[in-house]
Amino acid sequence: MKNPDQNKSQVRELLQNHGLTGNIPPDIRSNISSSMDKNYRKIIKKTGGLTLAASIGGFIFFMLRRIETWLPAAKIVIPLALVSTASAVAIITQNLPAPRVEPTMLLRSFHSATLKDEMVEKTERLIMTGINGKPGELHVALSKTGTAQGTLPLIVGSLERAGTNIFITVKIIDPLTSKILFITETSAAGDKELPEATQKLAAQIHAFWASLTDTPHSGNR
Amino acid sequence: MLKRAKPSSFRNSYNEYYPLIFSMIYTKTGSREDAEDIAQEVFIRLYNNYDDVRDIRNWLFTALRFEISNYYNKKGTAKKDTVDIESLGDSAIVAIEDETPETTIIIAEILADKNNYENEEERVLFELAALYSFSFKDVAAFLGLTRWQVEYRYKKIEVKILHKLKEKGITGADDIL
């Protein structure tokens, strides 16, 4: 019998030879189908759809149970009402607009090949604190330029030591296009001068920020 | 791409892209649990922004970079240093790096050419089958098609791609044609 995926394996061989394929073990592949529904339910649960439906359903259920104690006819009405309510909730939940989650922070990732992680994290904190007193404002500013559509701007940076000097580079990237919107760099003569250097960087990023907005930014400097 | 009007079509997008997103993450992390968690976070983010997303594919791949970085930051593990987040570009191609040979880049560009595919579903179909070795039967189940529909479309795309490879003089394509 002809192998149904025979042709696929030929083209895959070419892609594999050029390192363009992903290696997914057969057992993992076969489990994706079964885990898809489970993960979908988790997503909907986390986004609040099921919680809302359960709350409304529970409220109606207990209210109807109370009515049943003094109105015998409710024994017929209640099941009908429950089914109708469940259907209505399902329809309403499906058509509710997705809750808007405004960005609350800037995602960043600083790295260094020559400095310890603690030093990198400390510098990253200094820069981020200097840049943004109210996290999210930079995203709003970038959104006005039409560069960030539903995604957060990415601030990435690197720190490298050469002798006693520390060189810092910071980039702001539009995640949708991977375009570098802004790049700035500075150096510190030693560890003690690092806070001052981070303030310089923050000021330069503020200037860029202000150029994106109609009014000057009033955050930390 | 037209803006989607209702989040109810989120389920369709989930069915279409989940296997691809999961596979990309798994290829990078090598952990099923991590891949499921990160994929879940990516789709929660998509759900929350669904009305504003114009190009789901690009949006998902961008969100993917963030979520992998976020995930390992939250977990506080060193794993993120071993995961090449930057290579998770705007394509499902899994191994393009700075030192990639020119031939490989040409193949990747040909695969990424939208003209090979009549629609986004066909593109996902081909990527799942060709890049991640999913069987036609599995792809059919993911996309709500029959196995034969998948095989027909796959072969159609394959012919287009192989002709383009041949035009570019990519060795190895002749044997297949």
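Predicted model only: the values in this text are computed from it and were never measured.

About the criteria used
- Positions within a chain are numbered from 1, following the residues in the order the chain's sequence is written.
- Lettering of chains starts at A and numbering of ligands starts at 1, both following the order in which they are written.
- Two thresholds apply to this predicted model, a pLDDT of at least 70 for residue-level local features and 80 or more for giving and counting side-chain atom pairs, whereas whole-chain, interface and lining totals are computed over all residues.
- Secondary structure is summarised from DSSP: a helix means a run of H or I of at least four residues, a strand means a run of E of at least two, and numbering begins at the N terminus for each.
- Working definition of burial: number of other C-beta atoms within 10 Å of the residue's own, with buried at 20 or more, exposed at 12 or fewer, and partly exposed in between, all C-beta atoms being placed from the backbone.
- The contact criterion used here is simple: two residues whose C-beta atoms, placed from the backbone, lie within 7 Å are in contact.
- What pLDDT reports is the predictor's confidence in each residue, on a scale of 0 through 100.
- Take the buried Ala, Val, Leu, Ile, Met, Phe, Trp, Tyr and Cys residues, join any whose C-beta atoms are within 7 Å, and the set you get is a nonpolar core.
- Multiplying 1.5 Å by the residue count of a helix minus one yields the expected span of that helix.
- Values of bend correspond, residue by residue, to the angle between axes fitted over the seven residues ending at that residue and the seven starting there.
- For helices, the fitted axis covers only the stretch in contact; all axes are lines through C-alpha atoms, and the angles between them, taken along N-to-C directions, range from 0 to 180 degrees.
- An angle below 35 degrees is treated as roughly parallel, one above 145 as roughly antiparallel, one from 65 to 115 as roughly perpendicular, and anything else as oblique.
- By convention, the crossing between two helices is left-handed when the near helix turns anticlockwise from the far helix through less than a right angle, and right-handed when the turn is clockwise.
- Residue classes follow a fixed rule: Ala, Val, Leu, Ile, Met, Phe, Trp, Tyr, Cys and Pro count as nonpolar, while Asp, Glu, Lys and Arg count as charged, and any other residue, Gly among them, counts as polar.

**Here's the deal with the overall build of chain A**
Broken down by element type, chain A carries seven helices and four strands. Going from the N terminus to the C terminus, chain A shows its helices and strands as α-α-α-α-β-α-α-β-β-β-α. Residues counted as buried form 23% of the 221 residues belonging to chain A. Put simply, of all contacts in chain A between residues at least 6 apart along the chain, 54% involve residues at least 24 apart.

**Here's the deal with the overall build of chain B**
Scanning chain B from terminus to terminus reveals eight helices and zero strands. The proportion of buried residues among the 177 residues of chain B is 43%. Expressed as a percentage of contacts within chain B between residues at least 6 apart in sequence, the contacts between residues at least 24 apart total 55%.

**Thoughts on the confidence of the model for chain A**
Residues and elements named next belong to chain A. Here chain A averages 70 in pLDDT, while 63% of its residues score no lower than 70. For residues 1-7, every residue scores under 50 in pLDDT, and the model assigns this stretch six contacts once sequence neighbours within four places are set aside. Within the model, the stretch residues 142-150 combines pLDDT values under 50 with 22 contacts to residues more than four positions away or in other chains.

**Observations regarding the nonpolar core**
Judged by nonpolar contacts, the single largest core of 58 residues is most densely connected at I21 and I25 of chain B. With residues near it in sequence (within four places) discarded, I21 of chain B still touches A39, V42, L60 and L64 of chain B. Counting 15 residues, the second largest nonpolar core, distinct from the first, contains L154, I168, A202 and I205 of chain A.

**Things to note about helix α2 (residues 26-46) of chain A**
All names here are of chain A. Its 21 residues place the ends of α2 30 Å apart at the C-alpha level, agreeing with the 30 Å of an ideal helix rising 1.5 Å per residue. Where α2 bends most, at S34, the angle is about 40°. By the burial criterion, the buried members of α2 are I32, I43 and I44.

**Some words on the environment of G190 of chain A**
Residue position: G190 of chain A is located in the loop between β4 (179-188) and α7 (194-212). G190 of chain A sits 23 residues away from F167 of chain A along the chain, and the two C-alpha atoms are 9.8 Å apart.

**Notes on the packing of helix α1 (residues 10-29) of chain B against helix α3 (residues 56-75) of chain B**
All names here are of chain B. Look at α1 against α3: their axes get within 11 Å of each other, and the N-to-C directions meet at 40°. Classed by the angle they form, the pair α1 and α3 counts as oblique. Note that α1 runs across α3; the crossing there is right-handed. Across the interface between the two elements, S13, Y17, I21, M24, I25 and K28 from α1 touch I56, L60, L64 and I68 from α3. In terms of residue class, the contact of α1 with α3 is made up of eight nonpolar, one polar and one charged.

**Considering the environment of F61 of chain A**
All names here are of chain A. Within the element layout of this structure, F61 appears in helix α3 (residues 49-70). Its 14 C-beta neighbours within 10 Å are what place F61 among the partly exposed residues. Considering only alpha carbons, one finds F61 and A81, 20 residues apart in sequence, at a separation of 9.0 Å.

**Things to note about the packing of helix α5 (residues 120-131) of chain B against helix α7 (residues 147-167) of chain B**
Residues and elements named next belong to chain B. In the contact formed by α5 and α7, the axes pass within 10 Å of each other and the chain directions differ by 90°. With respect to α7, the element α5 is oriented roughly perpendicular. The segment α5 lies against α7, with E122, L125, F126 and A129 engaging V150, R153, Y154 and I157.

**Focus on unusual backbone geometry**
Residue and element names in this part refer to chain B. The backbone of S133 shows a phi angle near 60°, a positive value even though the residue is not glycine. Examined against the element boundaries, S133 turns out to sit in the loop between α5 and α6 (136-143). On the neighbour-count criterion, S133 (22 C-beta atoms within 10 Å) is buried.

**Regarding the environment of L131 of chain B**
All names here are of chain B. Structurally, L131 is set in helix α5. Exposure remark for L131: the 24 C-beta atoms within 10 Å place this residue in the buried category. When the C-alpha atoms of L131 and M24 are compared, they prove to be 9.8 Å apart, with 107 residues separating the residues in sequence.

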